Amino acid sequence: MAKNQKSCGFRTTIGGQALIEGILMRGPEKQAVVVRGPEGLVVQEEELRLVKDKYPILGLPLVRGGVTFLDSMVRGVKALMFSADYFPEETGAEEPSKLERWLDEKLGNEKMEKLVIGFSVVLAVCFSIGLFMLLPTFLASLVELVTDSVLVRNLVDAALRIAIFMAYLIAVSRMKDIRRVFSYHGAEHKTIFCYEKRLELTVDNVRQQPKHHPRCGTSFMLVVIIVAILVNTAVFALFPVDNVFLRMLVQLLLLPLVVGITYEFNRYVGGHDNPVTNLLAKPGLWMQNFTTFEPDDSMMEVAIEALKRVIPEEEGKDKW
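Since we're looking at a predicted model, the values are computed, not measured.

> Tell me about the environment of Arg64, residues and numbers included.
Tracing the backbone shows Arg64 in helix α2 (residues 64-84). Taking the C-alpha atoms as reference points, Arg64 and Ile261, separated by 197 residues in sequence, lie 9.9 Å from one another. Setting aside residues up to four positions removed in sequence, Arg64 forms contacts with Leu58, Gly59, Tyr263, Glu264 and Arg267.

> Give me the lowdown on unusual backbone geometry, citing residues and values where you can.
Within the chain, Glu21 stands out as a residue other than glycine whose phi angle is a positive 55°. By the element assignment, Glu21 lies in the loop between β1 (15-19) and β2 (22-26). Assessed through its relative accessible area of 16%, Glu21 is described here as buried. One non-glycine residue with positive phi stands out, namely Arg198, at about 60°. One can find Arg198 in the loop between α5 (176-196) and α6 (203-207).

> Mind laying out the nonpolar core, listing which residues take part and the relevant values?
In terms of nonpolar packing, the biggest core is built from 25 residues, with Ile14, Ile23, Met25, Tyr195, Leu201 and Leu307 touching the most fellow members. Breaking this core down by element, the ones donating at least two residues are β2, β3 (30-37), α5, α6 and α10 (297-308). The biggest single contributor to this core is α10, with 7 residues. Ignoring sequence-local partners within four residues, the contact set of Leu307 consists of Ile14, Met25, Thr191, Ile192, Tyr195 and Leu201. Counting 19 residues, the second largest nonpolar core, distinct from the first, contains Met133, Leu134, Phe220 and Phe236.

> I'd like to hear about the environment of Arg179, residue by residue, with values.
Residue position: Arg179 is located in helix α5. Distance in space between the C-alpha atoms of Arg179 and Phe293 is 7.3 Å, their sequence separation being 114 residues. When neighbours within four sequence positions are excluded, Arg179 is seen to be in contact with Ser173, Arg174 and Phe293. A polar contact is formed between the side chain of Arg179 and the backbone oxygen of Ser173, at a distance of 3.4 Å.

> Any details on the side chain of Gln209? Residues and values, ideally.
Tracing the backbone shows Gln209 in the loop between α6 and α7 (220-238). Classification of Gln209 by relative accessible area gives buried; the value is 6%. Of the polar contacts made by the side chain of Gln209, one reaches the side chain of Lys197; its length is 2.7 Å. Here Gln209 is in contact with Lys190, Phe193, Cys194, Lys197 and Leu199, once residues within four sequence places are set aside.

> Explain the packing of helix α4 (residues 150-173) against α7 to me, using residue names and the numbers behind them.
It is at 11 Å that the axes of α4 and α7 come closest, and there the two elements cross at 170°. With respect to each other, α4 and α7 are oriented roughly antiparallel. Residues Asn154, Ala158, Arg161, Ile162 and Phe165 of α4 pack against Met221, Leu222, Ile225, Ala228, Ile229, Asn232 and Thr233 of α7. Among the residues forming the contact of α4 with α7, the class breakdown is 8 nonpolar, 3 polar and 1 charged.

> So what about α4? Which residues, and what values?
With 24 residues, α4 extends 35 Å between its outermost C-alpha atoms, agreeing within 8% with the 34 Å of an ideal straight helix rising 1.5 Å per residue. What α4 keeps buried is the set Arg153, Asn154, Asp157, Ala158, Arg161, Ile164, Phe165, Met166, Leu169, Val172 and Ser173. For α4, the N-terminal cap is Ser149; the gap from its side-chain oxygen to the backbone nitrogen of Leu151 is 3.4 Å.

> An account of α2 is needed here, citing residue identities and associated values.
Helix length check: α2 (21 residues) gives 30 Å between terminal C-alpha atoms against 30 Å at 1.5 Å per residue, within 8%. For α2, the complete set of buried residues consists of Arg64, Gly65, Asp71, Met73, Arg75, Gly76, Val77, Ala79, Phe82 and Ser83.

> Can you tell me about the packing of α2 against helix α8 (residues 244-271), naming the residues and giving the values?
Where α2 meets α8, the axes come as close as 7 Å, and the angle between the chain directions of the two elements is 90°. By the angle class used here, α2 and α8 are roughly perpendicular. Taking contact as the criterion, the partners of Arg64, Gly65, Gly66, Thr68 and Phe69 in α2 are, on α8, Val259, Gly260, Tyr263, Glu264 and Arg267. Here the residues of the contact of α2 with α8 sort into 3 nonpolar, 4 polar and 3 charged.

What counts and what doesn't
Residues numbered from 1 in each chain as written. Predicted model: local features only at pLDDT ≥ 70, side-chain atom pairs only at ≥ 80, totals over all residues. Heavy atoms only, no water. Helix = DSSP H or I, 4+ residues; strand = E, 2+ residues; numbered from the N terminus. Contact = heavy atoms within 4.5 Å. Buried < 20%, exposed > 50% of the residue type's maximum accessible area, 1.4 Å probe, protein only. Core = buried A, V, L, I, M, F, W, Y, C linked by side-chain atoms within 4.5 Å. Polar contact = N/O pair within 3.5 Å; in protein donor to acceptor, adjacent residues only side chain to side chain. Axes fitted to C-alpha atoms, helices over the stretch in contact; angles between N-to-C directions. Parallel < 35°, antiparallel > 145°, perpendicular 65-115°, else oblique. Nonpolar A, V, L, I, M, F, W, Y, C, P; charged D, E, K, R; others polar. Expected span 1.5 Å × (residues − 1).

Here you go:
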């Protein structure tokens, strides 16, 4: 832990991501992936080189949100693939297809990995946009068969976005393997809470912490949906668009702005503690009932190891 810390608590910028039997922790200087493999803990560390450090314009407000989101997606997919490598299928492993062998021969392992990561990120983004944004807009357009009210259409659109998102979370949270990943999510939150309270990072201390954290990164998607509803409603109120496919196109064009606003909103709420910000954080905390479960001791050990490896030497460098 950082040297000469005071006894009072603070807010850290360190955050994490639950993996398959592991956790990724990201600090201001480096990130660590810790996985509990068959033979014990496996650790992967790397120094952080942020694109905004090379191109300062990408660190400007409203711009940095999209850049940070994509960077986190790429790093998260890489960490997920790393953790999955330690848990291969037990039986019936199939021979690589002709396409897989051709790609491996032409591209090599490193380029092949980058291709898979890039494809996975694009697929995940397209899936999220299609399911939580474009599909509700298309379904809401069917209301026009009954009424011409733009207000009713917008209300149905908003209700469908939230309903589909929550139904998806509830459905995946009931899957056995996903519940275990969500338990690692709980270990991540508890460990960060323990660190922020400046308690010694032990399993006993971590166990006593809450599993719901107000600055959880996975609440980001919910806030994106809410911000998108507000932004789209305002834009279409000023510039009405009747064609449903044109409305979808406009929504896609507005998405970078929506992500940028969401990022700045989360930064502000995370950095302030007052009745207003606490109220704004409540939807994300409530959502964690479906994405964060109680961990066991072995999960907390993984989270502790990951967090210890990204705490900066310089005290306060990770302060929110």
